[in-house]
Amino acid sequence: MPGFEIFGEEEKKEIMDVLDTGVLFRYEFGEQRKGIYKVKEFEEKFAHYCNSSFGQAVTSGSTALKVALTALGIGPGDEVITQGFTFVATWEAILEVGAIPVFCEVDSTLNMDPADLLKKITQKTKCIIPVHMLGAPARIKEIVAIADKNQIPVLEDTAQAAGARIDGKHLGSFGRCGTFSFDSVKTMTTGEGGMIITDDEELWKSMSEYHDHGHDHKVNPGARGGEGRRFIGFNYRMMELQGAIGLAQLAKLNGIVAAQQKNKAQLKEAVSAIPGVSFRTLIDEQGDSATFLTFTLQDRQHCSKVNDSLKADGCGAINFAENSWHFYPKWEHLLEAKSPVRTGYPFNEPGGKKRIVYDPKALPQSAALLERTLVYPIPIKMDSNRLAVMSQALQKASLI
Ligand SMILES: *Cc1c(COP(=O)(O)O)cnc(C)c1O
């Protein structure tokens, strides 16, 4: 990661196709565009790559979540369960549609713990969002089985795991739908952008129309139709330049994953020198997108000493328990219900009454794991000098 490491002639060519026509809009301009529909082509190819029936491109991974939740019918009065280790966008999207995020523990996969999920389901639960954090799968089959039993749809937040699979089946294709992000630091990037995949044609039609101000897409789903409308919408349309870059990056995705797997294996060997180290549970090692290497030490103190030593050698790792964007107790704006809206919405009712109160200590199992876990992003291109420096720093840290 990220895909911009390997921008090249392919991306330039795709972009020039668009600039040559002058059409940046994904719809209309029939004659002028000379048959070039990059966003539509990207949707079809991305869905096909994931062995999924339909793809819906949108402006970001965040809006992908919002569009999917809306098309699933989620809104005020509903609860949506997600994990307390994720990027803020996951729960922002839940609040954005007016629903209440309910947080669930992560287990040794560093993703949703099915045992805790079971405890969090209520009459109000209308969607479950497992997140495939750091390029590797949640226990998605168990989660889908629990959800099916309770007749609750699963939306997979696959923002960080494009190209990852379990037994050959792509993450994002296990639930009712799966969302992806192509922001500037993701495995494949279009600068900003997102995608939703699904096998459910009706759901796809709703997403397609909602993301385009409700324009009916009757005649040819994915294009505009009779200009009627079934419901209110908004604008989350991807533009042609993003679709063009997406096509070039998608063609490189398998190569990106293969390069990362190779680099990760080398770094993993170096990390293995640290006494007592263990690695995150990977449900399918072969299907790992290998975007990150995640390792856990025996206790918090040891972990912080090891990272101090690594930092001193210019090889510090990320500790997500300290990172303020990805872990529940660090989301003070959520915990303290901070909103720019006069009434305090989405945290408060119009009268000022709090809709929900969060306890920063509510996820002890996740905290105990993440406090002693370190993470290295895996580059697509890792030169041998950098690997040598990191190996040396890890050797030194292993003596602590
Ligand atoms: C990046 C990310 C998003 C949001 O994607 P954007 O394209 O940046 O809006 C959502 N969920 C997770 C887990 C992410 O990492």
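The structure we're discussing is the one just above.
Reading guide: rules and limits
- Every chain is numbered on its own, with residues counted from 1 as its sequence reads.
- Residue-level local features of this predicted model are given only where pLDDT is at least 70; pairs of side-chain atoms are given and counted only at 80 or more, and the full residue set underlies all totals for whole chains, interfaces and linings.
- Computation of side-chain values covers all heavy atoms of the structure but excludes hydrogens and water.
- Strands were regarded as paired on the criterion that DSSP finds at least two bridges between them.
- We count a stretch as a helix when DSSP gives it H or I for four or more residues in a row; a strand needs E for two or more, and each element gets its number in order from the N terminus.
- The axes used here are C-alpha line fits, helices contributing only the stretch in contact, and every angle between their N-to-C directions lies in the interval 0 to 180 degrees.
- Only protein chains enter the accessibility calculation, which uses a 1.4 Å probe; a residue whose area is less than 20% of its type maximum is buried, one above 50% is exposed, and one in between is partly exposed.
- For this analysis, a polar contact is any N or O atom pair within 3.5 Å, provided that within protein one partner can donate a hydrogen and the other can accept it, and provided that sequence-adjacent residues contribute only side-chain to side-chain pairs.
- What makes two residues a contact is simply this: any of their non-hydrogen atoms within 4.5 Å.

Taking strand neighbours across the sheet as the criterion, the four strands line up as 1-9-8-5 in an open arrangement whose pairing is mixed. The outermost strands of the open sheet, each flanked by one partner alone, are strand 1 (54–58) and strand 5 (155–157). The mean angle between the axes of side-by-side strands here comes to 20 degrees, regardless of whether they run parallel or antiparallel. Summarising the sheet, strand 8 (residues 177–181) and strand 9 (residues 194–198) pair through five bridges and their orientation is antiparallel. Of the residues in strand 9, the one forming a bridge with Gly-178 is Ile-197.

Attention now moves to the side chain of Arg-33. Looking at the secondary structure, you find Arg-33 in the loop between helix 1 (9–21) and helix 2 (38–49). Under the relative-accessibility criterion, Arg-33 is labelled buried at 1%. A distance of 3.0 Å separates a polar side-chain atom of Arg-33 from the backbone oxygen of Phe-25. Polar side-chain contacts of Arg-33 include one of 2.7 Å to the backbone oxygen of Glu-28. Apart from the residues lying within four places of it in its own chain, the contact partners of Arg-33 are Thr-21, Val-23, Phe-25, Arg-26, Tyr-27, Glu-28 and Glu-240.

A few words on the pairing of strand 8. In terms of burial, strand 8 is a largely internal element, five of the five residues being buried. Here strand 8 shows two buried faces, one formed by Cys-177, Thr-179 and Ser-181 and the other by Gly-178 and Phe-180. Pairing of strand 5 with strand 8 involves three bridges; the strand directions are parallel. From the neighbouring strand, Leu-155 faces strand 8, where its bridge partner is Cys-177.

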